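One letter stands for each residue in the lines below.
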Amino acid sequence: VTTGNGGKPLASFDKFEPKMAGGVKAAPLFWQCFGKAPEYGAAFLKWLESSQQPFVPIAGDWEGLAPGKLRGSGKGLLACRFQLAASEFRVTIGAPKDKKGWRAGVVLSHASDNEYAVFLADWAGYLNIFKMVDGKRQILEQGKGAQPSDDGSYKITLFRKKEKVYVMLERGESYGPYELPGSGFGLAVENNDLVFLDVTWK
């Protein structure tokens, strides 16, 4: 109702809102002010589809802060996946410049909550790529990689071509392809509290 007309309140909202706030029953008041249900059904479903959180937690606490901005916090390996299939996924790990001890990255592929692949980077540029299968890690690759940017951020881009996933970092380093059946990209953080910025996919 408040954003149902191209981001603006529907007509008659100024009559509806004060009466509802005053305790009048919402349903009869709604139809009195706005009209019949069939007129709003399709528009409501369209709004609902576009306004749902695009991510689903796999493990840990995740909070949507704003479009393209999420926060993961807690102990152990935390991960979330995005519900929409994508061939490309971009994210910036927003670690403060002087913060040490963080380890965060992306979910490369999600077959189930018991089987998914993760790419983690840390403040010192060490990389750890592994599959989680029934709570155990199967290492795919690890070693020294790229340092974070001068401002402390770490930009990651993922590409999927059929069963293969490619990883590219801001300074041009690339990893993969990794043969990873499943779908969906996502975010991951380990034993920390971090904000992820500029999350986009297509």
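Before any of the text, the structure's been laid out above.
As the structure is a prediction and not an experimental result, all values here were calculated from the model. (Residues numbered from 1 in each chain as written. Predicted model: local features only at pLDDT ≥ 70, side-chain atom pairs only at ≥ 80, totals over all residues. Heavy atoms only, no water.)

Caption draft 1: Local environment of the environment of Gly143. Relative to the helices and strands, Gly143 resides in strand S8 (residues 136–144). Take Gly143: its relative accessible area is 18%, and that puts it in the buried class. Taking C-alpha positions, Gly143 is 5.4 Å from Leu127, a pair spaced 16 residues apart along the chain. Not counting residues up to four positions away in its chain, the partners in contact with Gly143 are Gly125, Tyr126 and Leu127. (Helix = DSSP H or I, 4+ residues; strand = E, 2+ residues; numbered from the N terminus. Buried < 20%, exposed > 50% of the residue type's maximum accessible area, 1.4 Å probe, protein only. Contact = heavy atoms within 4.5 Å.)

Caption draft 2: How the structure looks around the packing of aromatic side chains. Under the defined criterion, the tally for this structure stands at 7 aromatic pairs. When the centroid spacing of 5.8 Å and the interplanar angle of 45° are considered together, the rings of Phe89 and Phe185 count as tilted. In this pair, Phe89 sits in strand S4 (residues 88–93) while Phe185 sits in the loop between strand S11 (174–179) and strand S12 (186–201), placing the two residues 96 residues apart along the sequence. In this pair, the class of Phe89 matches that of Phe185, namely buried. (Phe/Tyr/Trp six-rings, centres within 6.5 Å; stacked < 30°, edge-to-face > 60°.)

Caption draft 3: Up close: the pattern of salt bridges. Enumeration according to the criterion identifies 7 salt bridges in this entry. The shortest N-O distance in the salt bridge between Glu63 and Arg71 comes to 3.9 Å. Owing to a relative accessible area of 30%, Arg71 belongs among the partly exposed residues under this scheme. Between Arg71 and Asp193 there is a salt bridge, and its shortest N-O distance comes to 2.5 Å. With Arg71 in strand S3 (residues 69–82) and Asp193 in strand S12, this residue pair connects regions lying 122 residues apart in the sequence. Judged by its relative accessible area of 33%, Asp193 falls in the partly exposed class. Sharing partners across several salt bridges, the network here consists of Glu63, Arg71 and Asp193. (Salt bridge = Lys/Arg side-chain N within 4 Å of Asp/Glu carboxyl O.)

Caption draft 4: Just the environment of Val24, in detail. Structurally, Val24 is set in the loop between helix H1 (13–21) and helix H2 (26–34). Look past the residues within four positions of Val24 in its chain and what remains in contact with it is Lys19 and Leu29.

Caption draft 5: Molecular detail of the nonpolar core. Counting 36 residues, the largest nonpolar core has Leu108, Phe119, Ile156 and Leu187 as its most contacted members. By residue number, the principal contributor to this core is S12, which donates 5 residues. If you look at the next biggest cluster of nonpolar residues, it comprises 10 residues, including Ile58, Ala79, Val118 and Ala188. (Core = buried A, V, L, I, M, F, W, Y, C linked by side-chain atoms within 4.5 Å.)

Caption draft 6: Quick look at the side chain of Asp122. Here Asp122 is to be found in strand S6 (residues 115–122). This buried residue, Asp122, is left without a salt bridge; Arg103 holds the nearest opposite charge, at 4.5 Å. Here Gly125 takes part through its backbone nitrogen, which lies 3.0 Å from a polar atom of the side chain of Asp122. Among the polar contacts listed, one links the side chain of Asp122 to the backbone nitrogen of Tyr126, at a separation of 2.9 Å. Dropping the residues within four chain positions of it, Asp122 is found in contact with Trp102, Arg103 and Pro148. (Lys, Arg positive; Asp, Glu negative; His and termini not counted. Polar contact = N/O pair within 3.5 Å; in protein donor to acceptor, adjacent residues only side chain to side chain.)

Caption draft 7: The arrangement of the pairing of strand S5 (residues 103–112) in detail. Burial analysis of S5 places 7 of its 10 residues in the buried class, which makes it a mostly covered element. Alignment of S5 against S6, held across 8 bridges, turns out to be antiparallel. Its bridge partner being in S6, Val107 is matched across the sheet by Val118. What sits between S5 and S6 in their antiparallel hairpin is a turn of 2 residues. As paired elements, S5 and S12 share 4 bridges and run antiparallel to each other. Paired with Ala104 across the two strands is Val189, which belongs to S12. (Pairing = 2+ DSSP bridges.)

Nothing here speaks to function; it is geometry throughout.
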